[in-house]
Amino acid sequence: GAVVSQHPSWVICKSGTSVKIECRSLDFQATTMFWYRQFPKQSLMLMATSNEGSKATYEQGVEKDKFLINHASLTLSTLTVTSAHPEDSSFYICSANPWTSGSLVEQFFGPGTRLTVL
Amino acid sequence: AQTVTQSQPEMSVQEAETVTLSCTYDTSENNYYLFWYKQPPSRQMILVIRQEAYKQQNATENRFSVNFQKAAKSFSLKISDSQLGDTAMYFCAFVQGAQKLVFGQGTRLTINP
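Residues numbered from 1 in each chain as written. Chains lettered and ligands numbered in written order. Predicted model: local features only at pLDDT ≥ 70, side-chain atom pairs only at ≥ 80, totals over all residues. Heavy atoms only, no water.

Explain the pattern of salt bridges residue by residue, including any values.
Counted under the stated rule, the structure contains 6 salt bridges over all chains. A:Glu22 serves as the salt-bridge partner of A:Arg24, at 3.5 Å between the closest nitrogen and oxygen. Using a relative accessible area of 35% as the deciding quantity, one classes A:Arg24 as partly exposed. Since its relative accessible area comes to 24%, A:Glu22 is described here as partly exposed. The closest approach of N and O atoms between B:Lys100 and A:Glu59, which form a salt bridge, is 3.3 Å. Separated into two different chains, B:Lys100 in the loop between β10 (88–95) and β11 (102–103) and A:Glu59 in the loop between β6 (57–58) and β7 (67–73) make up a pair that spans both. (Salt bridge = Lys/Arg side-chain N within 4 Å of Asp/Glu carboxyl O. Buried < 20%, exposed > 50% of the residue type's maximum accessible area, 1.4 Å probe, protein only. Helix = DSSP H or I, 4+ residues; strand = E, 2+ residues; numbered from the N terminus.)

Outline the side chain of A:Ser77, supporting the account with residue identities and numerical values.
Residues and elements named next belong to chain A. Relative to the helices and strands, Ser77 is located in strand β8 (residues 76–81). A polar atom in the side chain of Ser77 sits 3.3 Å from the side chain of Ser50. Apart from the residues within four sequence positions on either side, Ser77 is in contact with Ile21, Glu22, Cys23, Met33, Trp35, Ser50, Ile69, Asn70 and His71. (Polar contact = N/O pair within 3.5 Å; in protein donor to acceptor, adjacent residues only side chain to side chain. Contact = heavy atoms within 4.5 Å.)

In structure tokens:
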């Protein structure tokens with residue numbers, strides 16, 4: 001149980017195009033999902049917190065118009081990188097937090113998406 | 001703001017040896033959770049072990065155990081009888097309240113045959 005998938009696992013796009021990455025919780029409902037960015041040999045950097053049915057909360061320094069997040073259902077959150085540029089090339093990881101009644105539950109991570117912008 | 005520090009960028013040990021990874025954190029809160037995550041070359045984040053701050057007993061999971069020193073704000077991971085499959089990046093992480101994980105910089109662990 002507690003499986004999170006991401007699609008695609010690897011995407012290459014041209015500069016100026018937009019790319020959508022999907023994050024799905026396969027066997028549980030997730031009211032909260034998180035999007036991280038990871039540069040080579042570095043730690044995970046939280047980009048935004050996505051709550052089902054409401055606007056995402058972005059971390060300081062993350063451009064909300066650049067990285068559009070939609071959490072339309074309890075099992076799906078999407079990250080769209082708009083007008084992608086080579087500096088957006090990175091490894092993007094999502095995680096999902098299963099809903100419980102007031103207790104902390106660990107985050108379950110997706111396998112990540114490698115984005116390369118040419 | 002909470003911070004997590006891993007002071008060992010890289011470590012290397014021989015197979016079957018015991019290795020300890022260090023982690024310190026800074027918080028003014030009393031109730032929180034600490035985690036060690038493993039990220040192998042596949043880059044899938046895998047939970048290794050977690051510790052609730054209100055529990056004094058150190059968490060253990062098979063070959064993995066922690067030394068949780070709340071007063072010192074220290075949370076080290078001990079891997080016993082290390083195996084080749086333990087080769088990975090290891091991240092210490094902290095979470096409190098809003099469930100926003102704060103990660104350390106990571107330690108790259110290599111197990112040599």
